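# Geometric and topological summary
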Amino acid sequence: MENFDMTLIDWSRGQFALTAMFHWIFVPLTLGLAFIIAIMESIYVKTGEEKWKKITKFWAKLFGINFAIGVATGIILEFEFGTNWSNYSWFVGDIFGAPLAIEGIMAFFLESTFIAIMFFGWNKVSKKAHLTSTWLVAIGANLSALWILVANAWMQDPVGMLFNPDTARNEMVDFWAILFSPTAINKFLHTIFSGYVLASIFVVGISSWFLLKKRDTLFAKKSLLVASVFGIVSSIFLIWTGDESARQIAKVQPMKFAAMEAMWDGKTNAPLVAIGFLEQPAPPHQDKGYKEKEFAFKIEIPNMLSYMAFLDANAFIPGIKDLVNGYTDQESGKVIPSYFDKIKLGREAITTLKNYKEAVNAGDETTAAIYRAKFEDKEWMANTFRYFGFGYYNNENFSGLIPSVPISFYSFHLMVALGGHFLALFIVMLIFSLKNKLHKMKWLLYVGIWTIPLVYIAQQSGWVLAELGRQPWVIQDLMPTLSAVSKIDATSVQITFWLFAATFTTLLIAEIKIMLTQIKKGISGGH
Amino acid sequence: MFESLSLLALQQYWWIIVSLLASLLVFLFFVQGGQTMIYSLGKTDMEKKMIVNSLGRKWEFTFTTLVTFGGAFFASFPLFYSTSFGGAYWVWMLILFAFIIQAVAYEYRTKPNNFLGTKTYEVFLIINGAVGTILVGTAVGTFFSGSEFSVNKLNLTNIFGSGSTTISAWEGPAHGLEAALNIQNLSLGLAIFFLARILGILYLKSDIDNENIVARAKKHLLYNTVPFLVFFLTFVGILLTQDGFAVIPQAGVDPLLWKVEMEPYKYLHNFLAMPAVLILFLLGVVAVLWGIIGTLIGKCHKGIWMAGLGTVLTIFSVLLIAGFNNTAYYPSTFEINHSLTIMNSSSSKFTLTAMSYVSLMIPFVLAYIIYAWRAINNKKITSEEMDSETHTY
């Protein structure tokens, strides 16, 4: 469509993805390591043993290096909602702005105030005040995750709001519905536990390196013990919340659910693909504009997907084609409209808004009242307005309504497989750690080290699944990226994209070099 | 409690909160100002280290205040967020770049094997100190001089024609950079820059126990006060004599549809119509000068607090002048009736009410900040501490 500058939209999406993914390299470690450090310091305060203070300080130093670049890459994200997605900022700013503000007032100040005491307060405040500060840093970091994830979850599962045609935006009507929506709670828990697992792997991996080098072995064994226990507990919660999240996605984002299983045709007793590879795309589906991909190879677990989604092995899971062409929900008997019908309904909603605004501007109160009544009609809102975002599509750009199936499928399966590997590693590490045989298990220590890059890959996969799997929706069914973008020239965004890419890459190299140098110094290596 | 307030009262309450955050931010710019003084006040490596470490224990307060200011502005006046950030793209991007490089600079500056070298990280601090303050000041200047933007909510429904679906659009090609060509904006930008340097000098003088730094601080205090006064008075002079963007209330008409007109001496009228704000402004200016002069003549050892309080009062009252008394706080010079007012750009009553409850947390936040600040600042920074402390920048 000529009124959409696809180059601008693609580069704006690219820039947001680039900055978010860079930020996400550092945040999970902050979330988890803060608690690991707090646990270590608690042991120090309880036992009074100096070695625990040294252990705490060693990990705190690595925390500080990671934290700084996390802050640097984070500030831009908040402002990008305005700079690059200005229509989004207006259309839902009434709801979305609140968690961002609360994040600042409630969480960032807690984190940044007490981090100063955590680093500079060792000789300035009492042991207990210092320990409290360390715990408050951990709580602050995790509280900020809560609010930003509540905001993100709301985009995927918009609840607690009502559209106001006078202001042409969605407005908040139920704060608690937004905060406690199941999507928000699951997303928050799943994400923070993933951070705890990442931090545990980080500590396990680095401790493994010290054991292999036969340096600071006592410190390494103690750190590894704390991290394996923390890792096992976190992994269990991670799997549990992941399972809950999948159920939630099946309910509110069925297209994402179908894409992450690469399921084109819906079925009852749907199997879960345990391992699978997609073959090259088949010719485009003639009149639908999308490319169907079949499996070249797969191993399935029978009935598992149906059970996972609805706790019922016989449940029907709609495939991508069902969602596009429409289907009848077997349980409720409700007819789910096809995407073509949703486009028509979306256009009706948009046109109604246009007619209303024009009538108001012209001072035609009678006509305005007729259109206004529609926005007050609950049924119309629930069956027509809810597809507002589809109205920006037509038969030409229709394929934009389907997310990338290979990316969704592979990112999901990679994340799940790696999650299983992490739990197994923690258990094995803990067993040999308790038997005090770890230092003899060279292969296991190598696995520990090489799992560090894997846990970062798993983190990014989770993020890719969550964000690419929901495309094209900035707000599910209400606003696609097409209509959310700012009106700027694509060249400006290209320039800032490359500026961010260069700056963040440079800073990442600096961070890794500094981090490795500090690790090599070890616990007794001084400052 | 907040439910009983009218929408207008809530809008005013949030304009006060946003203005307060902005004025605290400018006070905390002492970190930025101090960063531009590293080489002027510190000549030896130890002196520079003391300066960087003194500021390094406070930089996160400024940073967090900026982030919270952004979040609070978004939550309370989302149309400003979408119009200004999405339109004046380049100004905000440059400001953000200046803060990105600051965030790593302290932590990485003296770490071994830091890839870019100590000097580079110091340059990052200087860029942040100069670009950050000047551009923020320049951007705030447009609250009085206006910008070339349009706002049309009907654009959202542009699905059949060829027009853009974006509501807010910048109508000039420079995407905000043109603001730097306006003498009023630039005066404010430079006034904020020199004020930040003054505050930085005053803070460092109060926090570092080193004779050389203290002696140089006095000298540079004078050097920075002169240009500060020139630019500040230029800005105030223009402000009090310029035409302003007045909102015309219409009884029985939705405030979303109220018109905006130019009014001669609008901001002077605002001061006169709100004498309490005028008194705050005058008290603020006097306090800033008191902090500076008291330090120069050697009678005042904690000039930072007097000048800091003065900064908060001055900026706070200037921002109240921008948004209160039926004034468009973000005027459009492209189409005057598209100007943003606190009435037409705010969040809904429900959201403002919910956020008002959140704002009750601010006193608690201030209380623990004061605790932490005192715990860290109870002794001045000495070279001995720099040698013995395990965590330094």
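Once a new chain begins, its residue numbering starts again from 1 and follows that chain's sequence as written. Chain A is the first chain written and ligand 1 is the first ligand written, with later ones labelled in order. Residue-level local features of this predicted model are given only where pLDDT is at least 70; pairs of side-chain atoms are given and counted only at 80 or more, and the full residue set underlies all totals for whole chains, interfaces and linings.

## Concerning the overall build of chain B
Threshold: Counting from the N terminus, the helices are the DSSP runs of H or I reaching at least four residues and the strands are the DSSP runs of E reaching at least two. With C-alpha atoms as the basis for the radius of gyration, the globule rule is written as 2.2 Å multiplied by the number of residues raised to the power 0.38. Three classes are used. A residue is buried when 20 or more other C-beta atoms lie within 10 Å of its own, exposed when 12 or fewer do, and partly exposed in between, with C-beta atoms placed from the backbone.
A tally of regular secondary structure across chain B gives 16 helices and four strands. Relative to the globule expectation of 21 Å for 393 residues, the C-alpha radius of gyration of chain B, 22 Å, shows essentially globular dimensions. Each principal axis of the C-alpha distribution contributes one length, and for chain B these read about 70 × 45 × 45 Å. Taking all 393 residues of chain B together, 56% fall into the buried category.

## Observations regarding the nonpolar core
Test applied: In plain words, the nonpolar core is the set of buried Ala, Val, Leu, Ile, Met, Phe, Trp, Tyr and Cys residues that C-beta atoms within 7 Å link up. Here, residues touch in the contact sense if the C-beta positions derived from the backbone fall within 7 Å of one another.
In terms of nonpolar packing, the biggest core is built from 297 residues, with Ile36(A) and Leu199(B) touching the most fellow members. For this core, the element with the highest residue contribution is helix 3 (residues 86-120) of chain A, accounting for 23 residues. Non-local contacts of Leu199(B), meaning those with residues more than four positions away in its chain, are made with Phe27(B), Phe29(B), Phe30(B), Gly33(B), Ile304(B), Ala307(B), Gly308(B) and Thr311(B).

## Overview of the confidence of the model for chain B
Convention followed: For every residue, the predictor reports its confidence as pLDDT, a number between 0 and 100.
Across chain B, the average pLDDT comes to 95, with 100% of residues at 70 or higher. If you check the scores for this complex, the pTM reads 0.95 and the ipTM reads 0.95.

## Things to note about the environment of Leu516(A)
Residues and elements named next belong to chain A. Checked against the element boundaries, Leu516 lands in helix 17 (residues 490-521). Residue classification places Leu516 among the exposed positions, given that 11 C-beta atoms sit within 10 Å. Separated by 254 residues in the primary sequence, Leu516 and Ala262 place their C-alpha atoms 40 Å from one another.

## Some details on the interface of chain A and chain B
So the rule is basically this: Gly falls in the polar group here, along with every residue not listed as nonpolar (Ala, Val, Leu, Ile, Met, Phe, Trp, Tyr, Cys, Pro) or charged (Asp, Glu, Lys, Arg).
Listed as interface residues are 72 residues of chain A and, on the opposing side, 71 residues of chain B. Only helix 2 (50-83), helix 3, strand 2 (169-172), helix 11 (339-362) and helix 17 of chain A provide two or more residues apiece to the side of chain A that touches chain B. Here the side of chain A that touches chain B takes 25 residues from helix 3 of chain A, the largest share from any one element. Partitioned by chemical class, the residues of the side of chain A that touches chain B number 38 nonpolar, 21 polar and 13 charged.

## Focus on helix 13 (residues 303-323) of chain B
Residue and element names in this part refer to chain B. Keep this limit in mind: In this analysis, the expected span of each helix is defined as 1.5 Å times one less than the number of residues it contains.
For helix 13, spanning 21 residues, the distance from its first C-alpha to its last is 30 Å, which sits close to the expected 30 Å at 1.5 Å a residue. Summarising burial for helix 13: 19 of the 21 residues are buried, a large majority. Trailing helix 13 by a residue or two, Asn325 shows a phi angle of about 55°, which is positive.

## Concerning the domain arrangement of chain A
Put simply, the test is: Start and end points for every domain follow an automatic or database-based domain assignment.
Its domain assignment divides chain A into domain 1 (6-253 + 403-521), domain 2 (258-330) and domain 3 (339-399). The distance between the C-alpha centroids of domain 2 of chain A and domain 3 of chain A comes to 32 Å.

## Description of the packing of helix 1 (residues 7-28) of chain B against helix 13 of chain B
All names here are of chain B. Condition: Every axis corresponds to a line fitted to the C-alpha atoms, with the helix fit spanning only the stretch in contact, and the corresponding angles, defined between N-to-C directions, vary from 0 to 180 degrees. Two helices cross in a left-handed way if the nearer one is turned anticlockwise from the farther one by less than a right angle. They cross in a right-handed way if the turn is clockwise.
Where helix 1 meets helix 13, the closest approach of the two axes is 8 Å, and the angle between their N-to-C directions is 140°. Considering only the axes of helix 1 and helix 13, their crossing is right-handed. Across from Trp15, Ser19, Leu20, Ala22, Ser23, Leu24, Val26 and Phe27 in helix 1, the residues of helix 13 making contact are Gly308, Thr311, Val312, Ile315, Phe316, Leu319, Leu320 and Gly323. Considering only residue class, the contact of helix 1 with helix 13 consists of eleven nonpolar, five polar and no charged.

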